[in-house]
Amino acid sequence: MSSISSLFRYKPQNTLLHNLDPRIKLLWFFSVIFPATAWSDPVYLSGLVLLVFFCGWLAKDDLKDMLKSIVVPFPAYIMILLFNLFAFDFTTKSMVPWDLLYLGWLIPKIGSFGPFAHVSVESLVFTLGICTRVAIFILASRLFITFTSPSDITTALNKFKVPMEITTAISVAFGYLPELARQVTSIMEAQRSRGWRTGHKNPIKAVKNFIPVVMPIVSRSIVRSEMLATAMASRGLGATKTPITIREIRFARKDVMVTVVLLGFLGVSILLGTWCYNIANFRFSTFILRNLCFGY
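Bear in mind that the values here come from a model prediction, so they are computed numbers and not experimental data.

A. Local environment of helix α4 (residues 74-91). Taking 1.5 Å per residue, 18 residues should reach 26 Å; α4 reaches 24 Å between its end C-alpha atoms and fits that length. Where α4 bends most, the angle comes to about 40°, and this point is Leu85. The secondary structure elements touched by the buried residues of α4 are α3 (63-71), β1 (102-107), β2 (116-120) and α5 (121-147).

B. Local environment of the pattern of salt bridges. Per the counting criterion, the structure on display carries six salt bridges. Linking Asp65 and Lys11 is a salt bridge whose minimum nitrogen-to-oxygen distance equals 3.2 Å. Within this pair, whereas Asp65 is found in helix α3, its partner Lys11 is found in the segment before α1 (22-38), the two being separated by 54 residues in sequence. The partner of Lys25 in a salt bridge is Asp152, with the nearest N and O atoms 3.5 Å apart. In this pair, Lys25 is assigned in helix α1 and Asp152 in helix α6 (residues 150-159), connecting sequence segments 127 residues apart. The pair formed by Lys25 and Asp152 is uniform in burial state, with each residue classed as buried. Put simply, Lys11, Asp61, Asp65 and Arg142 are held in one network by salt bridges that share partners.

C. How the structure looks around a nonpolar patch on the surface. Together, Phe74, Ile78, Leu82, Phe86, Leu106, Ile110, Phe113 and Phe116 line one region of the surface with nonpolar side chains, adding up to about 720 Å² of accessible area. Take Phe74: it is sitting in helix α4. In this structure Phe74 comes out as partly exposed when scored by relative accessible area, which is 49%.

D. Expanded view of the packing of α3 against α5. Where α3 contacts α5, the axes come no closer than 9 Å and their chain directions differ by 135°. Here α3 is positioned oblique relative to α5, judged by the angle of their axes. As α3 runs across α5, the sense of the crossing is right-handed. For the pair formed by α3 and α5, the contact residues are Asp65, Met66, Ser69 and Ile70 on the first element and Ala135, Ile138, Leu139 and Arg142 on the second. Broken down by class, the residue content of the contact of α3 with α5 amounts to five nonpolar, one polar and two charged.

E. Structural detail: the packing of aromatic side chains. For the structure on display, the rule yields 13 aromatic pairs. Ring plane angle 75° and centroid distance 5.3 Å describe the contact between Trp28 and Phe147, whose orientation is recorded as edge-to-face. With Trp28 in helix α1 and Phe147 in helix α5, this pair connects stretches of sequence that are 119 residues apart. Among the residues examined, Trp28 registers a relative accessible area of 6% and is labelled buried. Accessibility expressed as a relative area gives 1% for Phe147, which makes it buried. Judged by centre distance (5.6 Å) and plane angle (70°), the rings of Tyr44 and Phe284 are edge-to-face. Taken together, the residues Tyr44 in helix α2 (residues 42-58) and Phe284 in helix α11 (residues 283-293) connect sequence positions 240 residues apart. The partly exposed category is assigned to Tyr44, whose relative accessible area is 21%.

F. Broad picture of the packing of α1 against helix α10 (residues 253-272). Where α1 contacts α10, the two axes come as close as 10 Å, and the packing angle between them is 15°. When the interaxial angle is binned, α1 and α10 end up roughly parallel. Crossing hand, α1 versus α10: left-handed. Contact residues: Ile24, Leu27, Trp28, Phe30, Ser31, Phe34 and Pro35 in α1; Asp255, Val258, Thr259, Leu262, Leu263, Phe265, Leu266 and Ser269 in α10.

G. Local environment of the nonpolar core. Among the nonpolar cores identified, the biggest contains 46 residues, and Trp28, Ile136, Leu143, Phe144 and Phe147 are the most heavily contacted of them. Secondary structure elements with two or more residues in this core: α1, α2, α3, α4, α5, α6 and α10. Per element, the largest residue contribution to this core is 12 residues, and it comes from α5. Excluding residues that lie within four positions of it along the chain, Ile136 makes contacts with Val32, Ala36, Leu45, Leu48 and Val49.

H. A look at the layout of surface pockets. The computed volume of the second largest pocket comes to approximately 310 Å³. Around the second largest pocket sit 15 residues that line it, and Trp28, Cys55, Val258, Val261 and Leu262 are the ones nearest its centre. Sorting the residues of the lining of the second largest pocket by element identifies α1, α2 and α10 as the ones contributing at least two each. The dominant element in the lining of the second largest pocket, judged by the number of residues it contributes, is α2, at five residues. Among the residues forming the lining of the second largest pocket, the class breakdown is 14 nonpolar, one polar and no charged.

Analysis parameters
- Residues numbered from 1 in each chain as written.
- Predicted model: local features only at pLDDT ≥ 70, side-chain atom pairs only at ≥ 80, totals over all residues.
- Heavy atoms only, no water.
- Helix = DSSP H or I, 4+ residues; strand = E, 2+ residues; numbered from the N terminus.
- Expected span 1.5 Å × (residues − 1).
- Bend = angle between axes of the 7 residues up to and from the residue.
- Contact = heavy atoms within 4.5 Å.
- Salt bridge = Lys/Arg side-chain N within 4 Å of Asp/Glu carboxyl O.
- Buried < 20%, exposed > 50% of the residue type's maximum accessible area, 1.4 Å probe, protein only.
- Patch = residues over 30% accessible without salt bridge, like charges linked within 9 Å, V, L, I, M, F, W, Y side chains within 5 Å.
- Areas by Shrake-Rupley, 256 points an atom, 1.4 Å probe, with all protein chains shown as cover.
- Axes fitted to C-alpha atoms, helices over the stretch in contact; angles between N-to-C directions.
- Parallel < 35°, antiparallel > 145°, perpendicular 65-115°, else oblique.
- Left-handed = near helix turned anticlockwise from the far one by under 90°.
- Nonpolar A, V, L, I, M, F, W, Y, C, P; charged D, E, K, R; others polar.
- Phe/Tyr/Trp six-rings, centres within 6.5 Å; stacked < 30°, edge-to-face > 60°.
- Core = buried A, V, L, I, M, F, W, Y, C linked by side-chain atoms within 4.5 Å.
- 1 Å grid on protein atoms, 1.4 Å probe; cavity = no way out; pocket = protein on both sides within 12 Å on 5 of 7 lines; lining within 4 Å.
- Points joined across faces, edges and corners; volume = space filled by probe spheres on them.

Laid out in structure tokens, this is it:
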């Protein structure tokens, strides 16, 4: 199994996070996602990244794997950077109560062409915050998968009275992600052993070169979905509205303590975020950077 496919799979361990009630694990996940959604300041978001890394250390997750999960979507960061630099003056500029501190153009004027994308300190800080937010989403989602088994997710959702159809779909999705990664890895390795190459200067031919990989992935996914549907039907899925759970879960003392901490953190993050006092806004870092580096 490749290192990429092993990033997104459940890793059984005997740690505090692994032994928590599945409902508390869901609360942990939302306690990280909600602040990342409400905050836009890179300083606050960086503190949230460190907090997720600390939780990964508690879960005995490998530091290299956590860093790799952030680096893997690097092309997405480039796209976010370009989009925000081009669109900042038309979308987010009104959120800044002062004149923007412009540094130059991303694409300078060349003859009658350009210039495009006026780069400012504010747009760079805002873009850095968005990229950090995406990194938090990926890191928290991956960490949640590593210390929460698909069966625990199903059990927790059943306790919250979520309809069985939705619970089953979510459980299958979480369980299928690592399996899909393994399939993609094995197919690519098999095609490389047959002389498959992806690099080509012509973009159309470069896309065509991926057909020997895409087609087996699609066909395997269809076959697996049919087998999964047959297995669920043979076990009587949907025959009863009150399914029996294999493991009954109950709150322990540590679960209560962690719940209090997470709810307190969630309340503070909401107060700091855009839904209340809006303190963790990207204008905080922008104001400090303008005063310390540029004297404005």
